[in-house]
Amino acid sequence: MKQTIAIVGGGACGVASFIELFIKIHQFGLQDSIRIDWFEKEKTLGYGLAFGSEEKGHLLNTPTDLMGVYAKEPAHFTDWVADRKTRDSDLVHGEGEWNDTYTARFLYGDYLAEQADRYLAMANRTGISVCVKNTEVVDLDQDKDQYVLHDSAGGVHTANFVVLALGTPKPQNFLSFRQYEAYIPFPWPSRPLIEKISTSEHIGVLGSSLSAIDTIMTLEDNGYTGKISLFSPDG
Ligand SMILES: Cc1cc2nc3c(=O)[nH]c(=O)nc-3n(C[C@H](O)[C@H](O)[C@H](O)COP(=O)(O)OP(=O)(O)OC[C@H]3O[C@@H](n4cnc5c(N)ncnc54)[C@H](O)[C@@H]3O)c2cc1C
């Protein structure tokens with residue numbers, strides 16, 4: 001009987017896990033003994049929280065050269081961008097060579113989605129059994145030598161191995177602030193920021209690093225002209 005590997009999450013780590021598993025199954029001819037069940041709660045694979053942001057101002061914090069999804073081809077993303085974009089594209093930033101540019105995060109999501117599709121097609125062609133399930137896994141139990149996954153629609157799935165690639169959880173601090181209408185606990189996805197904040201209000205941002213920069217970019221790119229105060233213990 002086939003062993004089942006469940007991957008929960010279809011963002012960057014889920015895609016990288018799937019590609020590595022595909023390569024090993026194919027390389028060692030394990031098509032008849034392993035199958036993959038891949039769970040993703042959203043409709044599309046590849047994007048996740050960071051790379052699913054629709055804001056053009058939300059950039060990768062690492063140059064293209066560090067972002068290739070294939071373990072042995074770190075420059076793969078650089079080549080992918082260079083093949084598809086020109087340097088004056090407003091999705092690619094930086095003065096140096098292609099490998100030292102910084103792209104919009106959703107461009108990287110497009111790249112991951114394309115690699116996921118490519119490897120799903122190859123799995124289909126080479127007889128590797130992969131089932132993508134667009135559902136949220138809400139619980140995980142162990143029953144003797146297998147895992148039991150429960151999904152949000154009441155479905156029950158079993159697996160011999162489980163890869164959890166769930167991404168960044170929402171923070172659970174400052175819970176007492178949640179009673180206030182004007183408090184926004186998390187800057188992604190950015191829609192609530194755009195919808196809740198009028199373009200001239202005074203905004204306080206707790207923190208002054210990458211999440212704060214994302215917040216400022218979201219506001220500026222959507223016509224905000226008011227005052228923004230950043231609070232940070234270390235400047
Ligand atoms: C705002 C932000 C910006 C970032 N910028 C960068 C960057 O520029 N460069 C960089 O290298 N890293 C960046 N990171 C880190 C980045 O998130 C990780 O490098 C990478 O996305 C992590 O991949 P992941 O698969 O763990 O998470 P994600 O890419 O978030 O994917 C998780 C996936 O799992 C799905 N999922 C979650 N729970 C369930 C469930 N119960 N059932 C089914 N599906 C589920 C989600 O829908 C999502 O698609 C950033 C992180 C954040 C939060």
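Here is what the cut-offs are and how they apply
- Residues numbered from 1 in each chain as written.
- Predicted model: local features only at pLDDT ≥ 70, side-chain atom pairs only at ≥ 80, totals over all residues.
- Heavy atoms only, no water.
- Helix = DSSP H or I, 4+ residues; strand = E, 2+ residues; numbered from the N terminus.
- Buried < 20%, exposed > 50% of the residue type's maximum accessible area, 1.4 Å probe, protein only.
- Contact = heavy atoms within 4.5 Å.
- Pairing = 2+ DSSP bridges.
- Axes fitted to C-alpha atoms, helices over the stretch in contact; angles between N-to-C directions.
- Parallel < 35°, antiparallel > 145°, perpendicular 65-115°, else oblique.
- Nonpolar A, V, L, I, M, F, W, Y, C, P; charged D, E, K, R; others polar.
- Salt bridge = Lys/Arg side-chain N within 4 Å of Asp/Glu carboxyl O.
- Near = heavy atom within 4 Å.
- Polar contact = N/O pair within 3.5 Å; in protein donor to acceptor, adjacent residues only side chain to side chain.
- Left-handed = near helix turned anticlockwise from the far one by under 90°.

Asks: Can you walk me through the environment of Thr199 in this structure?
Replies: Structurally, Thr199 can be placed in the loop between helix H5 (191-196) and strand S10 (203-206). With relative accessibility at 42%, the residue Thr199 sits in the partly exposed group. Once the C-alpha coordinates of Thr199 and Gly223 are considered, the two residues, 24 residues apart in sequence, prove to be 6.3 Å apart.

Asks: Quick question: what am I supposed to make of helix H3 (residues 76-84) here?
Replies: Because an α-helix packs 3.6 residues into every turn, residues spaced three or four apart end up facing the same way. Listed in full, the buried residues belonging to H3 are His76, Phe77, Thr78, Trp80 and Val81. The elements touched by buried residues of H3 are strand S3 (92-93), strand S4 (102-103) and helix H4 (105-125).

Asks: Help me understand the sheet that holds strand S8 (residues 156-159) in this model?
Replies: Spatial strand order, S6-S7-S8: three strands in an open sheet with antiparallel pairing. The sheet is open, and its two borders are formed by strand S6 (137-143) and S8, each paired with just one other strand. For this sheet, the mean inter-axis angle between neighbouring strands, taken without regard to orientation, is 25°. Of the strand pairs in this sheet, strand S7 (residues 146-151) and S8 are connected by four bridges, and their pairing is antiparallel. Bridge pairing in S8 places Leu149 opposite His157.

Asks: What's the story with the packing of H3 against H4 in this structure? I'm lost.
Replies: Running from N to C, H3 and H4 cross one another at 105°; their axes reach a closest spacing of 11 Å. With respect to their mutual orientation, H3 and H4 come out roughly perpendicular. In contact with His76, Phe77, Trp80 and Arg84 of H3, H4 contributes Leu107, Tyr108, Asp110, Tyr111, Glu114, Gln115 and Arg118. When its residues are assigned to classes, the contact of H3 with H4 shows five nonpolar, two polar and four charged.

Asks: Is there a simple way to think about the pattern of salt bridges in this case?
Replies: Any two side chains of opposite charge can pair, on the condition that their charged atoms come close. Evaluated as defined, the whole model comprises four salt bridges. Measuring nitrogen to oxygen at the nearest pair gives 2.3 Å for the salt bridge that ties Arg35 to Asp37. On the basis of relative accessible area, Arg35 is assigned to the partly exposed category, the value being 25%. Asp37 sits in the buried class, given a relative accessible area of 6%. Between Asp214 and Arg105 there is a salt bridge, with the nearest N and O atoms lying 2.7 Å from each other. In this pair, Asp214 sits in helix H6 (residues 210-221) while Arg105 sits in helix H4, placing the two residues 109 residues apart along the sequence. The buried category is assigned to Asp214, whose relative accessible area is 7%.

Asks: Before we go on, may I ask you to explain the site of the ligand in this structure?
Replies: Every one of the 29 residues lining the ligand counts as a neighbour, but Cys13, Glu40, Asn61, Val137 and Trp188 are closest to it. One nitrogen or oxygen atom from the main chain of Val137 is found 2.8 Å from a nitrogen atom belonging to the ligand. At 3.5 Å, a backbone N or O of Gly167 approaches an oxygen atom of the ligand. Contributing elements (two or more residues each) for the shell around the ligand: helix H1 (12-27) and helix H2 (48-51). Among the elements that make up the shell around the ligand, the one with the highest residue count is H2 (four residues). A breakdown of the residues in the shell around the ligand according to their chemical character gives 13 nonpolar, 10 polar and six charged.

Asks: Explanation requested: the packing of H1 against H4 in the structure shown.
Replies: Packed helix pairs are specified by the crossing angle of their axes together with the interaxial distance, meaning the distance between the axes. One way to put it is that H1 packs onto H4 with a least axis distance of 10 Å and a crossing angle of 30°. Relative to H4, H1 is oriented roughly parallel. Crossing of H1 over H4 shows left-handed handedness. On the side of H1, the interface is formed by Ala12, Val15, Phe18, Ile19, Phe22 and Ile23, while H4 contributes Leu112, Gln115, Ala116, Tyr119, Leu120, Met122 and Ala123.

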